[in-house]
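Inside the fold
Here are the chains, one letter per residue:
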Amino acid sequence: MKTKHDLKELHNFIELMSDLVFIKNFKGQYTHINKAFLTFINKSREDVLFKTDYDLFNKEDASRFRKIDLEILENKIDLENMEEQIVKDDNGISYFNISKQILYDLEDNEVGLFCVARNITIRKEYELIYEDNKSLLEYIAIENDLEKILTKIISLAEERNEDTKCSILLLDKSKKHLLKGAAPSLPDFYNEAINGVEIGEKIGSCGSAAYKKQRVIIENIDTHENWQPYLELTRKANLHACWSEPIISSNNEVLGTFAIYNSIYKAPSEFELKLISSYSNMASIAIEKDNVYKKVLENEYQLSQLFNNTQSGLIYINNRRKIIKANKRFAEIFGYKSVDEIIGRKTSDFHISKSSNSNFKKQFALHLKDNELFNIEYKFKKKDGTIIWCELSGKVLDKTLPIELTNGVLWTINDISLRKSYEIKLRDSELLNKNILETIPDMIWLKDTNGKYLMCNHEFEKFFGAKKEDIINKTDYEFKDKKTSDEFRLNDKLAMKASGSLINEEWVSYPSSKQQVLLDTTKKAMHDHNGKIIGVLGIGHDVTKRKEQLDKLEELNKLAKSLTDSQANLLSLFDKGDSVLFEWKNNSDWDIEYISTSIYKLLGYKKEEVLQNHFIYSKFIHKDDIKKVREEVKNALSNNLDYFKHEPYRIFHKNGDIKWVLDYTVMKKDENEKVTHFIGYITDITEQKKQQDIIFQQTKLASMGEMIGNIAHQWRQPLSIISSIATASKIEKELDILSNEDFYKHMEIINKNTQYLSETIDNFRQFIKANREISDFNLTNTIKSFLNVVHSSIIKSDLKVVLDLDDNIIMQNYQNDIIQAFINIINNSIDAFEQSSKDEKYFFITSRKEDEKILIKIKDNAGGIDEKLIKKVFEPYTTSKYQSLGTGLGLNITYNFIVEGMKGKIVVENSNYIYKDKKYKGCEFTITFDSYSR
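Keep in mind that what you see is a predicted model, and the values were worked out from it rather than measured. (Residues numbered from 1 in each chain as written. Predicted model: local features only at pLDDT ≥ 70, side-chain atom pairs only at ≥ 80, totals over all residues. Heavy atoms only, no water.)

Further remarks concern the overall build of the protein. Scanning the protein for helices and strands turns up 30 helices and 34 strands. In the protein, which comprises 934 residues, the share counted as buried stands at 45%. At a minimum sequence separation of 6, the contacts of the protein that also span at least 24 residues come to 53%. (Helix = DSSP H or I, 4+ residues; strand = E, 2+ residues; numbered from the N terminus. Buried < 20%, exposed > 50% of the residue type's maximum accessible area, 1.4 Å probe, protein only. Contact = heavy atoms within 4.5 Å.)

Printed below as a string of structure tokens:
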């Protein structure tokens, strides 16, 4: 339909329209335009009149517009409501609904095209966002791979924003670092660099958005303070603007960030801001779905493991009493090969008869109706028809479970046939046994394998303070305290494992009299005709009076012998050896009060000659060394040391010869902690000074010196306890207030401490054995012996020892050599800690077998060894300590022990590791032996 217009009137009309209205002539020149059009293209009327699309728009859009105009003019067909998009100068896209028709003047002449463009950008943007959200929600619903979902979100975002690159970062569990979620368009080097970046107020765009929990728009990365530390990365990746939106969960927690990068400096449009918000919301839905999905999988797995690995039979039955789920144990109980044979069967298939099934329903329907959890015992039949007794418990399932289980019942079943058969047998023989048992003065009882009492006699009733009928089918825990019950249960288990009878002595008390008695208890496992254990028979005989008499004599004998032997053993070590044990006063002359007989080997004097003539120790020391020796003593006193080692010095033999000696001294203190005497041992090292073997000998002697310190430290408290207890017992006896109970307590304390002293001596004797011979030994026990040797040093250094040992490793080698090597290594660590300021000091020892090798790893957290020294640390005279503090021989000796003597290998390296969520650095020694050494 032709429309004729007066062009002058038409101009006034189009100015009133809010849509974009314009008229073009046949050449495509704009002849009329309204104000809305000028506002959209941001130009003046003079800049537009008689210009073509090629002057106003990009070439691609202009060509498309001109082609449409020519088709309308040629075909004489008007264009109605065609959607068109225009890319503006800022690369923003506007959407229009355009109508064009041929314009005629009043004389019916064609003068051009009359065009109206309605801006539908906002509607179109919401349609695009809706389409993307719909597509993404459908994808999220069917896809369980989070990375694929996040990549899909980014792909859509980059399609909507050409020339951009997007990324999604996920906040880690600590809520402090961002990890890569998806960023397929960003360079790998950039993704790797920012992976794990810590969030913060001024950390880029994403780190800041996650930290502040709000959108962060940075139009110019190159100048913004948040990006200054990362400019080398961003320039290399050609990234110059970044807009980041925090991904917020449904409970208002930050899950990560969604970001859009531009290769130019740019601020986001309103549409781009809507897209950022929309895509971050989709990411939130995907991440929360993934978290829920993983939790569901984990719960399903745990429930499946629990269901299938329990020792009880389990079945689910529906409201039609069909089995819809069962575990393997149920199949085993009823004699079926697999669970598949059971699924779909009715519970009536397992009942002995129809009447049995009917009675079962009637008897327990009320419990199920009331949703009670209950236990019952009932007879059923197996697949082959065999009758079995079962213990069952049932519970109506929760309505929140899957529909196929709703209103069903979960049954737990245990086969108690064996127990039932013996209960019947015991019941049949009860009358015969009852008269016999009741006439025996000893306690007699019988338990099943679960600790439930099956039988007991009258004497046992008195022990529990209850009647037999109240004891049967109950355990010790219902009558005694947990500690006592645990002990009884442990002995029951040991009896069931023993090949014969297990005999124990147990102190128990009767509830009525509260009197404690000592029972000589005999327990023996009871077996059925197939040899299977069915319970434990116990007999308890009161031996309290006999024990009291024997203990009095034995405790006194043990105390006297232990004290005498321990002291004699310790002193005999020095009398028979080459070292000399001294005790001298803490005065100016160091008067000698005790000396071992080995003094004759060292100085040519007999013991009696030295003591009777009141020799002073300073008389023997070379005049050039006496000052140094006194200074070392003075330093030890001022530092309140328990023991110390002298540097080697010279002494005079009776015949005038000069000998070199090593001197280790322990401080002896009174009750006021004042040093009254020095106890030390001196060893002749004259020949060793001339030979290379001095390296090994000095190390051995050093360890003995430390052991003396340990003995002095470890003996002080036990000897004090023994002395105090003995004195108190004597006074109480004289005052006739020493009760038997107190006497036994005192003797027990003395016995424990004398055993401890004896153990200390044994460790010391074993360690200082002169003979060096190959033997079989347990590595774990050897390591623990070594730790006992250096116990005092460990305590003094506040060192925490952490063990991870394979207790089954047996070695055939030189046991003392490996102990000596361990001592050198721990001393090296202690020295390193003394030069550091560590609050926590750790010393780790691990042992294991690996590929027919025995591996021992020892490490500390003292900071490690100087990298300049670590390659030559096993060379002699290599030390990181001040020259006055170390010889540099300890690790060289250790190397010779392990490699040359024991044919093993040893390496050392600095190690960085994490322990209890903290980072540490130290040196780690790895010692390797063949699986069966030597």
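Here we come to unusual backbone geometry. Unlike most non-glycine residues, Asn 238 shows phi in positive territory, near 60°. Note that Asn 238 resides in the loop between helix 10 (231-236) and strand 10 (241-248). Asn 238 gets classed as partly exposed once you look at its relative accessible area, which sits at 41%. Of note, the phi angle at Glu 673 is positive, near 65°, even though the residue is not glycine. For Glu 673, a relative accessible area of 49% puts it in the partly exposed group.

Now for the nonpolar core. Formed by 43 residues in total, the largest nonpolar core has its most connected members in Phe 786, Ile 818, Ile 856, Ile 858, Phe 925, Ile 927 and Phe 929. Only helix 26 (779-789), helix 28 (815-834), strand 31 (842-850), strand 32 (853-860), helix 29 (867-870), helix 30 (890-901), strand 33 (905-915) and strand 34 (918-930) provide two or more residues apiece to this core. Here this core gets 9 residues from one element, more than from any other, and that element is helix 28. Leu 150, Leu 255, Phe 271 and Ala 286 belong to the second-largest nonpolar core, a separate cluster that totals 32 residues. (Core = buried A, V, L, I, M, F, W, Y, C linked by side-chain atoms within 4.5 Å.)

Another point: a positive patch on the surface. On the surface, a cluster of positive charge is made up of Arg 320, Arg 321, Lys 322, Lys 346 and Lys 361. Tracing the backbone shows Lys 346 in the loop between helix 12 (328-333) and helix 13 (354-369). (Patch = residues over 30% accessible without salt bridge, like charges linked within 9 Å, V, L, I, M, F, W, Y side chains within 5 Å. Areas by Shrake-Rupley, 256 points an atom, 1.4 Å probe, with all protein chains shown as cover. Salt bridge = Lys/Arg side-chain N within 4 Å of Asp/Glu carboxyl O. Lys, Arg positive; Asp, Glu negative; His and termini not counted. Charge placed at Lys NZ, Arg CZ, Asp CG, Glu CD.)

Of the residues in the protein, 85% have a pLDDT of 70 or more, and the chain-wide mean is 82. Summarising per-element confidence for the protein, the mean pLDDT is lowest in helix 19 (residues 544-576) (61) and highest in strand 9 (residues 216-218) (95). (pLDDT = per-residue confidence, 0-100.)

Along the chain, Glu 84 turns up in strand 3 (residues 79-87). For Glu 84, the residues in contact, after removing those within four places along its chain, are Arg 64, Phe 65, Ile 68, Ser 94, Tyr 95, Phe 96 and Ile 98. At a separation of 2.9 Å, a polar atom in the side chain of Glu 84 contacts the side chain of Arg 64. (Polar contact = N/O pair within 3.5 Å; in protein donor to acceptor, adjacent residues only side chain to side chain.)

Residues Ile 731, Leu 735 and Ile 737 make up a contiguous nonpolar surface patch of roughly 300 Å² in combined accessible area. On the secondary structure map, Ile 731 appears in helix 24 (residues 694-734).

Helix length check: helix 6 (residues 121-142) (22 residues) gives 32 Å between terminal C-alpha atoms against 32 Å at 1.5 Å per residue, within 8%. Inspection of helix 6 places Thr 121, Lys 124, Glu 125, Leu 128, Ile 129, Asp 132, Asn 133, Leu 136 and Ile 140 among the buried residues, and these make up the whole buried set. Next to the buried residues of helix 6 lie strand 3, strand 4 (93-104), strand 5 (110-119), helix 7 (146-160) and helix 11 (270-309). (Expected span 1.5 Å × (residues − 1).)

Spatial strand order, 2-1-5-4-3: 5 strands in an open sheet with antiparallel pairing. In the strand order of this sheet, the two ends are held by strand 2 (30-33) and strand 3, each with one partner. Each adjacent strand pair in this sheet contributes to an overall mean axis angle of 30°, direction not counted. Examined bridge by bridge, strand 3 and strand 4 share 7 bridges and lie antiparallel to one another. In the sheet register, Leu 79 faces strand 4, and the bridge partner there is Lys 100. (Pairing = 2+ DSSP bridges. Axes fitted to C-alpha atoms, helices over the stretch in contact; angles between N-to-C directions.)

In this section: the packing of helix 6 against helix 11. Between helix 6 and helix 11, whose axes approach to 11 Å, the crossing angle comes to 15°. By the criterion of interaxial angle, the relationship of helix 6 to helix 11 is roughly parallel. Where helix 6 crosses over helix 11, the handedness of that crossing is right-handed. In this structure, helix 6 contributes Ile 122, Glu 125, Tyr 126, Leu 128, Ile 129, Asp 132, Asn 133, Leu 136, Leu 137, Ile 140 and Ala 141 to the contact, and helix 11 contributes Phe 271, Lys 274, Leu 275, Ser 278, Tyr 279, Met 282, Ile 285, Ala 286 and Lys 289. A breakdown of the residues in the contact of helix 6 with helix 11 according to their chemical character gives 14 nonpolar, 2 polar and 4 charged. (Parallel < 35°, antiparallel > 145°, perpendicular 65-115°, else oblique. Left-handed = near helix turned anticlockwise from the far one by under 90°. Nonpolar A, V, L, I, M, F, W, Y, C, P; charged D, E, K, R; others polar.)

The next point concerns the packing of aromatic side chains. Within the structure shown, the criterion is met by 44 aromatic pairs. Pairing Phe 464 with Phe 479 gives two aromatic rings, centres 4.7 Å apart and planes at 25°, and the pair type is stacked. Here Phe 479 lies in the loop between helix 17 (468-471) and helix 18 (482-497) and Phe 464 lies in helix 16 (residues 458-464), a separation of 15 residues in the sequence. Under the relative-accessibility criterion, Phe 464 is labelled buried at 6%. Ring centres of Tyr 913 and Tyr 920 lie 6.0 Å apart, and the angle between their planes is 35°; this geometry places the pair in the tilted category. Classification of Tyr 920 as buried rests on a relative accessible area of 12%. Over the ring of Tyr 842 we find Lys 800, and its NZ or CZ is 6.0 Å from the ring centre. Looking at Lys 859, its charged tip hangs above the ring of Tyr 913, at a distance of 3.9 Å from the centre. (Phe/Tyr/Trp six-rings, centres within 6.5 Å; stacked < 30°, edge-to-face > 60°. Lys NZ or Arg CZ within 6 Å of the ring centre and 35° of its normal.)

In this section: the sheet that holds strand 12 (residues 313-317). Here we have 5 strands laid out as an open sheet, ordered 13-12-16-15-14, and antiparallel in their pairing. Unpaired on one side and paired on the other, strand 13 (323-326) and strand 14 (374-381) mark the two borders of the sheet. Pairs of neighbouring strands in the sheet enclose a mean axial angle of 30°, with direction left out of account. Direction of pairing for strand 14 relative to strand 15 (residues 387-396): antiparallel, over a ladder of 8 bridges. Across the sheet, the residue bridging to Lys 379 is Trp 389, located in strand 15.

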